[in-house]
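Next come the chains, spelled out residue by residue.
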Amino acid sequence: MASKVLRAVVLGPPGSGKGTVCERIARSFGLQRLSSGRFLRESLRAGGEVGVLAKQYVERGLLVPDHVITRIVTAELEKRQGEPWLLDGFPRTLGQAEALDRICEPDLVISLHVPFETLKDRLSARWVHPASGRVYNRDFNPPHVHGVDDLTGEPLVQREDDKPEAVAARLRKYKEAAKPVMELYRSRGVLHSFSGTETNKIWPYVYALLCSKIPPVHAEEED
Ligand SMILES: Nc1nc2c(ncn2[C@@H]2O[C@H](COP(=O)(O)OP(=O)(O)O)[C@@H](O)[C@H]2O)c(=O)[nH]1
Ligand SMILES: Nc1ncnc2c1ncn2[C@@H]1O[C@H](COP(=O)(O)OP(=O)(O)O)[C@@H](O)[C@H]1O
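The structure presented is a predicted model; accordingly, all values stated were derived computationally and were not measured. (Residues numbered from 1 in each chain as written. Chains lettered and ligands numbered in written order. Predicted model: local features only at pLDDT ≥ 70, side-chain atom pairs only at ≥ 80, totals over all residues. Heavy atoms only, no water.)

A closer look at the overall build of the protein
- A count of helical and extended segments in the protein gives eight helices and seven strands.
- With 223 residues in all, the protein has 46% of them scored as buried.
- Sequence-distant contacts in the protein: of pairs separated by 6 or more residues, those separated by 24 or more amount to 72%.
- For the protein, the computed accessible surface area is about 11,300 Å², with 54% contributed by carbon and sulfur atoms. (Helix = DSSP H or I, 4+ residues; strand = E, 2+ residues; numbered from the N terminus. Buried < 20%, exposed > 50% of the residue type's maximum accessible area, 1.4 Å probe, protein only. Contact = heavy atoms within 4.5 Å. Areas by Shrake-Rupley, 256 points an atom, 1.4 Å probe, with all protein chains shown as cover.)

Remarks on the site of ligand 1
- In the region of ligand 1, 17 residues are neighbours, and Gly15, Gly19, Thr20, Arg126 and Thr199 sit closest.
- Between Gly17 and ligand 1, the recorded distance is 3.1 Å, taken from a backbone N or O atom to an oxygen atom.
- Note that an oxygen atom of ligand 1 is positioned 3.4 Å from one of the side-chain N or O atoms of Arg122.
- Calculation on ligand 1 without its partners gives an accessible area of 580 Å², and the protein chains cover 90% of this total.
- Taken together, the residues that form the shell around ligand 1 break down as five nonpolar, eight polar and four charged. (Near = heavy atom within 4 Å. Polar contact = N/O pair within 3.5 Å; in protein donor to acceptor, adjacent residues only side chain to side chain. Nonpolar A, V, L, I, M, F, W, Y, C, P; charged D, E, K, R; others polar.)

With respect to the site of ligand 2
- Residues in contact with ligand 2 amount to 19 residues; listed here are only the nearest, Ser36, Leu62, Arg92, Arg126 and Arg170.
- Here an oxygen atom of ligand 2 and a side-chain polar atom of Lys18 are 2.9 Å apart.
- A distance of 2.9 Å is found between an oxygen atom of ligand 2 and a side-chain nitrogen or oxygen belonging to Arg41.
- A total of 530 Å² of accessible area belongs to ligand 2 in isolation, and the protein chains cover 96% of it.
- Counting residues per element, the shell around ligand 2 draws most heavily on helix H2 (residues 36-46), which supplies four residues.

Topic: the sheet that holds strand E7 (residues 191-195)
- Strand order in this open sheet of five strands is E2-E3-E1-E4-E7, and the pairing throughout is parallel. Looking at strand neighbours, the two that pair on one side only are strand E2 (32-35) and E7, the edges of this open sheet. Each neighbouring strand pair of the sheet contributes to a mean axis angle of 20 degrees, computed without reference to strand direction.
- Relative to the sheet, helix H7 (residues 164-188) contacts strand E1 (7-11), strand E4 (108-113) and E7, its axis offset from that of E1 by approximately 145 degrees. (Pairing = 2+ DSSP bridges. Axes fitted to C-alpha atoms, helices over the stretch in contact; angles between N-to-C directions.)

If you want it as structure tokens, here you go:
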């Protein structure tokens, strides 16, 4: 079993369960989850130069330009040199993958494949707690009390880019941009693809793959 520090990437269209799978990996294997969407939303809230640049894209469900998102994510990765991590939502374009390589080539890439109709349904049922990034789903993992975060009791919101107008555009853009990224990682032999309509069915395979790379800190979780 490898004893080196693991740097892993999780790829997949919006709604494919990257966040859900990353949370489970983080819990089971003690890896820190770094989410590009989360970093971006924090920059938006902070309202600095980068946040202002990015806002118009996020609100329309479009990919933020490479130089903007790369600046945000690489700054976070540079703070964590020598540490293991799990990157959620980055890279999404070949330019971003090349920028990541300049910092660190990922050891393992997990790619999630979920049918388009399933993605559309899931995104429109997703509600989030903005302050923590906790994600709920009306059907899959509803909060204990409707519309309210389980831990803080604060209200949940629907992200602007999960509203139906933004969803189809996001899914189209994702597909176009992701193809060369997957080809790059496939050619390096680090890409592992998982297909299905349910995260609970995909998860045991992802768990087994991770176990072949690093020891779990917690026994397998069913949900
Ligand atoms: N119905 C259903 N919803 C799921 C499943 N897996 C994740 N979700 C929900 O689908 C939405 C998108 O998942 P998320 O992990 O945020 O995906 P991401 O956009 O790829 O990070 C969230 O509301 C999740 O709670 C599943 O297997 N079935
Ligand atoms: N790597 C990235 N490149 C470009 N834009 C990004 C990237 N990561 C996040 N974004 C922007 O942030 C939004 C939210 O991303 P994220 O939280 O990862 O959610 P999702 O997986 O549902 O798209 C995206 O729709 C996009 O506008």
